[in-house]
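The primary structure of each chain is shown beneath.
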Amino acid sequence: MKENNVHIVESFEDKDQRKALWHNTITAVGLVTSQLNGKENVMACEWAIQISFNPPMYLLVIGKSKATAEFIIKTGEFGLTFASDEQATLSHVSGSYSAYDHDKIATNIFPLQEGKTIRAPIVKDGMLAVECKVVEMMDLEGRYILIGKATYAEYRDDKKPLLYHRGKYFSIGVQIPKPDIKIDF
């Protein structure tokens, strides 16, 4: 139902309605790296976020059927690079193919460096690259929620984040200043 450009969703049974909700969010693109028995993998993950400042912890939501989920669960570790706006190709390739069917690393398009504290590599040249050890895992309706505690990190201040919205990539635009307002409560 639509009223004055406002779409009302009262039932979440309809796939198109759920997709519309998802398309009206904006996320930073995470490139999740993992390694199992010498096989390295990278997966695009738009559901990746920092959830704790001290200690730094990161949350991933990954489908149970994904190779990345298997690799992380079996090793207890992952790399997470928040992609820069120059890495849309990496996001697209890593999010479009499964490690079960394709060796994405063999394409040689991913700039990788060895992990310092984990066996998986990390993707270079993003906004922020973090190596994590899994501290908690939750099972949630076809997905895993994985929480990792940072064991190593590096970031760049000369890059802008890659954002994902309505199935398209974006970069940050004009800064909107914070309002200079004080409210007495």
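Analysis parameters
Per-chain numbering applies: the sequence of each chain, read as written, is numbered from 1 onward. It should be noted that, the model being predicted, local features are given only for residues of pLDDT at least 70 and side-chain atom pairs only at 80 or more, the latter also being counted only at that level, while totals for whole chains, interfaces and linings use all residues. In computing side-chain values, all of the structure's heavy atoms are included and hydrogens and water are not. Two distance rules govern patches: like charges are joined within 9 Å, and nonpolar side chains (Val, Leu, Ile, Met, Phe, Trp, Tyr) within 5 Å, applied only to residues with over 30% relative accessible area and no salt bridge. Throughout, the Shrake-Rupley method with a 1.4 Å probe supplies accessible areas, and for residues the shown protein chains are the sole cover considered. When a carboxyl oxygen of Asp or Glu is within 4 Å of a side-chain nitrogen of Lys or Arg, the pair counts as a salt bridge. Here a strand is any run of E in DSSP of at least two residues, a helix any run of H or I of at least four, and the numbering for each starts at the N terminus. For cavity detection a 1 Å grid was placed over the protein atoms alone, and a set of points counts as a cavity when a 1.4 Å probe fits there but cannot get out; an open set counts as a pocket when protein lies on both sides within 12 Å along at least five of seven lines, with lining residues being those that have an atom within 4 Å of a point. Grid points are joined across faces, edges and corners, and a volume is the space filled by probe spheres set on the points. The residue classification treats Ala, Val, Leu, Ile, Met, Phe, Trp, Tyr, Cys and Pro as nonpolar and Asp, Glu, Lys and Arg as charged. All others, Gly included, are polar. Two strands qualify as a pair provided DSSP detects at least 2 bridges between them. Every axis in this analysis is a line fitted to C-alpha atoms, fitted for helices over the stretch in contact. Angles between the N-to-C directions lie between 0 and 180 degrees. Residues are treated as being in contact if the distance between any of their heavy atoms lies within 4.5 Å. A 1.4 Å probe rolled over the protein chains alone gives each residue an accessible area, and that area as a share of the maximum for its type sets the label: buried under 20%, exposed over 50%, partly exposed in between. Distance and chemistry together define a polar contact, namely a pair of N or O atoms within 3.5 Å, with one atom able to donate a hydrogen and the other to accept it when in protein, and with adjacent residues in sequence counting only for side-chain atoms on both sides. Disulfides are defined in this document as cysteine sulfur pairs within 2.5 Å.

Enquirer: What am I meant to see in a nonpolar patch on the surface here?
Expert: Together, I181, I183 and F185 give the surface a local cluster of nonpolar side chains, amounting to about 440 Å² of exposed area. Structurally, F185 can be placed in the segment after β14 (168-171).

Enquirer: What am I meant to see in the layout of surface pockets here?
Expert: With a probe scaled to a water molecule rolled over the atoms, the places where space remains empty come into view. Approximately 930 Å³ is the volume attributed to the largest pocket. Forming the walls of the largest pocket are 30 residues, and the residues nearest its centre are W22, A44, E46, W47 and K66. Put simply, the parts of the chain that give the lining of the largest pocket at least two residues each are β5 (39-45), β7 (57-63), α2 (67-75) and α3 (88-96). When the residues that make up the lining of the largest pocket are grouped by side-chain class, the tally is 14 nonpolar, eleven polar and five charged.

Enquirer: Which parts of the structure should I look at to understand empty space enclosed by the protein?
Expert: Scanning the entire structure with this criterion turns up one cavity of 30 Å³ or more. Empty space within the largest cavity amounts to approximately 30 Å³. Surrounding the largest cavity, W22, H23, T25, T27, E46, Y164, H165, R166 and G167 form its lining. Elements represented by at least two residues in the lining of the largest cavity include exactly α1 (15-23) and β13 (162-165).

Enquirer: Which parts of the structure should I look at to understand the sheet that holds β13?
Expert: As a general point, the strands of a sheet are linked pairwise by backbone hydrogen bonds and lie either parallel or antiparallel. Overall, antiparallel pairing links the three strands, which are arranged β3-β13-β14 in an open sheet. Looking at which strands have only one partner, the edges of the open sheet turn out to be β3 (27-28) and β14. Here β3 pairs with β13 via two bridges, running antiparallel. Paired with A28 across the bridge in β13 is L163.

Enquirer: Explain the sheet that holds strand β11 (residues 128-140) to me, please; I cannot follow it from the model alone.
Expert: Strand order in the open sheet formed by seven strands is β5-β4-β8-β11-β12-β7-β6, with antiparallel pairing between adjacent strands. Lying at the two open borders of the sheet, with one neighbouring strand each, are β5 and β6 (48-52). When the angles between neighbouring strand axes are averaged without regard to direction, this sheet yields 35 degrees. Pairing of strand β4 (residues 30-36) with β5 involves seven bridges; the strand directions are antiparallel. Across the sheet, the residue bridging to V32 is M43, located in β5. Here α2 sits on the sheet in contact with β4, β5, β7, β8 (77-82), β11 and β12 (143-155), set at roughly 60 degrees to β4. Packed onto the sheet, α3 meets β4 and β5 and runs at close to 110 degrees relative to β5.

Enquirer: Would you mind showing me how to read the side chain of Q35 here?
Expert: Assignment of secondary structure puts Q35 in strand β4. Classification of Q35 by relative accessible area gives buried; the value is 10%. At a separation of 3.2 Å, a polar atom in the side chain of Q35 contacts the main-chain amide nitrogen of N37. Setting aside residues no more than four positions away along its own chain, Q35 makes contact with E40, F71, T75, R119 and A120.

Enquirer: Please clarify how the state of the cysteines should be interpreted in this entry.
Expert: Think of a disulfide as a covalent bridge from one cysteine sulfur atom to another cysteine sulfur atom. In the structure shown here, the tally under the stated rule is zero disulfides. Just so you know, C45 is unpaired, no disulfide at all, and the nearest cysteine sulfur is the one on C132, 12 Å from it. Residue class for C45 comes out buried when judged on its relative accessible area of 3%.

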